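# Coordinate analysis (summary)
Take a look at the letters that make up each chain.
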Amino acid sequence: MKNLTILCLFFSLCITTKAEDGHSLWLRMIESKQSATVRIDNAMPSATLDIAADELEKYWRQSGNIYLQLSDIVSVENDGFVITRKGDNFSITAPTELGLLYGAYELLRQQSTDNIIKKGGTFISHPYFQYRILNHWDNLNGTIERGFAGRSIFSKDGKTSINSKIIEEYARANASIGINGTVVNNVNASPQILTDANLFRLTDVANILRPYGIRLYLSANFASPMVIDTLKTADPLNPDVRKWWAEKVDHIYKLIPDFGGFLVKANSEGQPGPMDFGRTHADGANMLADALQPYGGIVMWRAFVYAADSPDRANQAYDEFMPLDGKFRPNVILQVKNGPIDFQPREPVSPLFYSIRHTNIMPEFQITQEYTGENVHTCFLATMWSEFFNEVSKADNALFRDTEGTTAIAGVANIGDSRNWCGSDMAQANWYAFGRLAWNPNSTDKQIASEWLMQTFSKAPDFVEPMTTLLCQTHEAVVNYMMPMGLHHIFAGNHHYGPEPWYAPKGVRSDWTPPYYHKADSIGLGFDRTTTGSSNVLQYPNSLSKDLNDIHKCPEKYLLYFHHTPWDFKMNNQKTMWENLCLTYDEGISQAEGFVKAWQSVEQFIDHERYTHQLTLFRRQANDAWWWRDACLLYFQQFSKRPFPTTCPAPRHTLQELMKFQLRMDNYTSAEKFKTP
Ligand code: BDP
């Protein structure tokens, strides 16, 4: 008897403390004891349907049968599906095999979130965006630009073979959230990606992705014909150059028949482009589009362009691309970052989304947290992306207008070869959220957070409710302690983790230094983008620009983005701008400190490994919040010459100390020691 008790205790301990390394992502499904009966009607055998059936057979734990039916149902577009339930039986109907696979994952998600459709019910779903694409900034040598989760899963040294098991797990995870494309190399593209050695290797990758409905795309370097071949020019109007690309594309399609197309960063941050040859972005994009068109491929042409030392970087993409609207081929999509500057914690929407009328346009989000705390800070980006969709839908715009055009969305991936894929468990939520919002941009951050938490950690309401609240606060908290009220780009000079509002060494181009953006002086703080300043407001539709131009009407979250605001300017809450700035930084700190406490209160629901790892990260996030607040407020105080409001706690550091030591993600221990006693 005693032995039995010990044995039981041992087993129960094993269950509660089962090691969790985060590798299963949101797919921690429990296998069914007896496999479900799945019948496939109306379809030829296919690898995609096999996956759908296998998943259901393995993980569907309810009684009854599931029928998968291929059928041309009018109510469903793209790769959508309909699930119906009669008694205990379910049928998934879709016009495409991929639709059936998506339907299978939906049913399993409903099971994992205790939300299975009721008897007699019908569930119809189809993706909003046709192309839902991850952009990997992976280099051929295996490093990842702005990656915080280890090394590339696609490239090692450009030669070694890939890990097929990992690629398949990656494909499955993506298919489960509806992602249907992946660009596997960095936008700062090595021309070598188009050599046979790499194309052959990537053919193996594409073969693994295909049954999961994921097409492979490549970032192309515009100068490729000159670098990997002997052409003297890459001029897009030169017949030899056009022929070179046409032949290259033809060759790629022989290897990868469902190749998706090219992503191009041209004439941006030193990358080659058509303007090097006196041609326009449209000439360059169209040349590639013509090569891809016979095979159904697309070109995603990035609008992230800005020249050195221009008076306002925010104006440039619009100035360069608006005159070209309507000049692009139908299989070109302009890929535009959500904000006009660069993936900042908060920016207004890029005006191109309101103004481009005759060209396909797609948003680019950054899932990897380059500017929101890397793999240390929890910043649930669904909140920010929903804010983008809400703002865009306020005015007549290209994304939510009924057009004949193509709809697409891209997210810069946060995936690497670290065991938990994303470098932290919480960062997985952003990969998940990107997929779910690309499928349905009307989903709320709350819905996405709670379903992700249920699948990734625990379904206990006492866990899900407080953690949903926590996740949905994280973005605002990060904005508050890093760059509130419209501040932007005040990051450290050579990385984007910690603050350096003072960074402005001689010889560095001014638009790569924070003072260019915050413009602190004795009068006030913020960039004047009104009609008395850079006139950036005029790039917005009239309905928006009038308010943005008026300091009393501009939304306060964008105040310092659009206005050089006097320190004593009265905010809506009657505080001065300076007081409000101080209080907002402090609010960010209290929020971050609150995350530590909230996490501690749900310890019982989480495995020890993920609990302790995340606790360390939340503690560090709270400490970093102090660092940000002290650095920014003490630095700005030199200009405001005003005291902190009396309710503000004393700084933990002095400005001199903060300026001597750079807060980076990899030097926490020394940063910890570096505190004013
Ligand atoms: C910036 C990144 C840089 C990228 C660039 C881009 O710092 O590494 O190459 O964006 O999007 O945010 O091209």
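The structure under discussion appears in the preceding block.
This report concerns the structure included in the present document. (Residues numbered from 1 in each chain as written. Predicted model: local features only at pLDDT ≥ 70, side-chain atom pairs only at ≥ 80, totals over all residues. Heavy atoms only, no water.)

## Brief notes about the sheet that holds strand S5 (residues 122-125)
Inclusion rule: Strands pair, by our definition, only if DSSP identifies at least two bridges between them. Each helix corresponds to a stretch of at least 4 residues labelled H or I by DSSP, and each strand to a stretch of at least 2 residues labelled E; elements are numbered beginning at the N terminus. Where helices are involved, their axes are fitted lines through C-alpha atoms of the stretch in contact, as for all axes, and angles between N-to-C directions lie from 0 to 180°. Note on contacts: a residue pair qualifies if any of its non-hydrogen atoms lie within 4.5 Å across the two residues.
Reading across the sheet, the 5 strands line up as S1-S2-S4-S3-S5 and stay open at both edges, with mixed pairing between neighbours. Of all the strands in the sheet, the pair left with one neighbour each is strand S1 (37-41) and S5. Going across the sheet, the axis of each strand differs from the next one's by a mean of 15°, ignoring polarity. Contacts from helix H2 (residues 47-59) reach S1, strand S2 (65-70) and strand S4 (89-94) within the one sheet, and its direction differs from that of S1 by about 160°.

## Section: helix H11 (residues 382-394)
Note the following rule: The span you would expect from a helix comes to 1.5 Å times its residue count less one.
The first and last C-alpha atoms of H11 sit 18 Å apart over 13 residues, in line with the 18 Å expected at 1.5 Å per residue. Where H11 is buried, its residues touch helix H10 (352-355), strand S12 (360-366), strand S13 (408-412), helix H12 (428-439), helix H13 (445-456) and helix H14 (461-482).

## Some points on the packing of aromatic side chains
What counts is decided by this rule: Planes of paired rings set the category: under 30 degrees apart is stacked, over 60 is edge-to-face and the rest tilted, where pairs are Phe, Tyr or Trp rings (Trp by its six-membered ring) whose centres lie within 6.5 Å. Note on classification: 1.4 Å probe, protein chains only; a residue is buried when its accessible area is under 20% of the maximum for its type, exposed when over 50%, partly exposed between these limits. Think of it as a cone above the ring: NZ of Lys or CZ of Arg counts as a charge over the ring if it is within 6 Å of the ring centre and within 35 degrees of the ring normal.
Tallied over the full model, the rule gives 45 aromatic pairs. Residues Trp 26 and Tyr 432 carry aromatic rings whose centres are separated by 5.2 Å and whose planes lie at 65° to one another, so their mutual orientation is edge-to-face. A residue pair is termed long-range when its members are at least 10 positions apart, and Trp 26 in the loop between helix H1 (2-16) and S1 and Tyr 432 in helix H12 qualify at 406 residues. Each member of the pair, Trp 26 together with Tyr 432, is buried. Judged by centre distance (6.0 Å) and plane angle (10°), the rings of Trp 599 and Tyr 611 are stacked. In this pair, Trp 599 is assigned in helix H18 (residues 577-600) and Tyr 611 in helix H19 (residues 608-640), connecting sequence segments 12 residues apart. With a relative accessible area of 0%, Trp 599 lands in the buried category. Its relative accessible area of 5% is what places Tyr 611 among the buried residues. Among the aromatic residues, those joined into a ring-pair cluster are Tyr 128, Phe 129, Phe 353, Phe 365, Trp 385, Phe 388, Phe 389 and Phe 434. Just above the ring of Tyr 306 sits the side chain of Arg 313; from NZ or CZ to the centre is 3.7 Å. Its end group placed over the ring of Phe 527, Lys 519 keeps NZ or CZ at 4.4 Å from the ring centre.

## Here's the deal with H19
With 33 residues, H19 should reach 48 Å at 1.5 Å per residue; the first-to-last C-alpha distance of 47 Å fits that figure. Within H19, 24 of the 33 residues are buried, which leaves it mostly tucked inside the rest of the structure.

## Quick notes on the site of the ligand
How we decide: Only a single heavy atom is needed: when it lies within 4 Å of a molecule or strand, its residue is near that molecule or strand. Polar contacts, as counted here, are pairs of nitrogen or oxygen atoms within 3.5 Å of one another; within protein the pair requires one atom able to donate a hydrogen and one able to accept it, and residues that are adjacent in sequence qualify only if both atoms are side-chain atoms. Using a 1.4 Å probe, the Shrake-Rupley method yields the accessible areas, and only the shown protein chains count as cover for residues. Just so you know the grouping, Ala, Val, Leu, Ile, Met, Phe, Trp, Tyr, Cys and Pro go in nonpolar, Asp, Glu, Lys and Arg go in charged, and all remaining residues, Gly too, go in polar.
The ligand sits among 14 residues. The nearest are Glu 145, Lys 265, Arg 302, Lys 337 and Glu 370. In the model, an oxygen atom of the ligand is placed 2.7 Å from a nitrogen or oxygen of the Arg 302 side chain. The separation between an oxygen atom of the ligand and a polar side-chain atom of Asp 342 is 2.7 Å. Relative to its unbound accessible surface of 320 Å², the ligand loses 97% to contact with the protein. Its residues assigned to classes, the shell around the ligand shows 4 nonpolar, 2 polar and 8 charged.

## Re the sheet that holds strand S10 (residues 298-302)
Taken together, 8 strands build a closed barrel; the order of strands is S6-S7-S8-S9-S10-S11-S12-S13 and the barrel is parallel. Each neighbouring strand pair of the sheet contributes to a mean axis angle of 25°, computed without reference to strand direction. Across 5 bridges, the pairing between strand S11 (residues 332-337) and S12 is parallel. For Val 336, the partnering residue across the bridge sits in S12 and is Pro 363.

## A word on the environment of Trp 385
Summarising the element assignment, Trp 385 is placed in helix H11. Residue contacts for Trp 385: discarding those within four places in its chain leaves Phe 365, Gln 366, Ile 367, Asn 430, Ala 433, Phe 434 and Leu 437.

Distances and angles like these do not, on their own, reveal function.
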